[in-house]
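Architecture at a glance
Now for the letters of each chain:
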Amino acid sequence: MSKLPQVSGRECAKALFKAGFYLKRREGSHMILRRDVPFAQVVVPDHPELDRGTLRAIIRQAGLSVEEFVHLLHF
């Protein structure tokens with residue numbers, strides 16, 4: 001299992017945009033991102049640093065592996 005990087009909510013959202021997600025709506029400090037095919041919807045808090053458990057849950061709900069997510073962060 002790969003080690004999770006420390007990322008902000010905005011960095012996480014940018015990586016998910018590369019995976020085909022788009023901003024559905026924003027409620028306060030939370031961004032709701034959606035991908036239509038295959039369908040997935042995740043809530044990303046717009047915080048300076050995401051907790052590891054929160055980030056792991058976002059990655060799992062997005063249908064990605066940690067390695068895929070880290071790859072999206074760097075490219």
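Bear in mind that the values here come from a model prediction, so they are computed numbers and not experimental data. (Residues numbered from 1 in each chain as written. Predicted model: local features only at pLDDT ≥ 70, side-chain atom pairs only at ≥ 80, totals over all residues. Heavy atoms only, no water.)

This next bit is on helix H1 (residues 9-18). Residues Gly9, Cys12, Ala13, Ala15 and Leu16 constitute the buried set of H1. Projected onto a plane normal to the axis of H1, the buried residues spread over an arc of 160 degrees and lie on a single side. Exposed and oriented more than 90 degrees from the buried face of H1 are Arg10 and Lys14. Contacts made by the buried residues of H1 are with strand E2 (30-35), strand E3 (40-45), helix H2 (52-61) and helix H3 (66-74). Just downstream of H1, Gly20 is the residue with a positive phi angle, here 100 degrees. (Buried < 20%, exposed > 50% of the residue type's maximum accessible area, 1.4 Å probe, protein only. Helix = DSSP H or I, 4+ residues; strand = E, 2+ residues; numbered from the N terminus. Arc of directions from axis to C-beta. Contact = heavy atoms within 4.5 Å.)

Turning to the side chain of Ser8, a few remarks are in order. On the secondary structure map, Ser8 appears in the segment before H1. If sequence neighbours within four positions are ignored, Ser8 has contacts with His47, Pro48, Glu49 and Leu50.

Looking now at the pairing of strand E1 (residues 22-27). Two strands pair when backbone bridges link them, and E1 and E2 are joined in this way by five bridges, in the antiparallel orientation. Directly across from Arg25, in E2, lies its bridge partner Ile32. From the end of E1 to the start of E2, which pair antiparallel, there are two residues, and Gly28 there has a positive phi angle of about 65 degrees. (Pairing = 2+ DSSP bridges.)

It is worth spelling out the packing of H1 against H3 at this point. Viewed as axis vectors pointing N to C, H1 and H3 meet at an angle of 100 degrees, and their least axial separation amounts to 8 Å. By the angle class used here, H1 and H3 are roughly perpendicular. In contact with Glu11, Cys12, Ala15 and Lys18 of H1, H3 contributes Phe69, Leu72 and Leu73. Its residues assigned to classes, the contact of H1 with H3 shows five nonpolar, no polar and two charged. (Axes fitted to C-alpha atoms, helices over the stretch in contact; angles between N-to-C directions. Parallel < 35°, antiparallel > 145°, perpendicular 65-115°, else oblique. Nonpolar A, V, L, I, M, F, W, Y, C, P; charged D, E, K, R; others polar.)

As judged from the six bridges shared by E2 and E3, these two strands associate in the antiparallel manner. Opposite His30, over in E3, you have Pro45 as the bridge partner.

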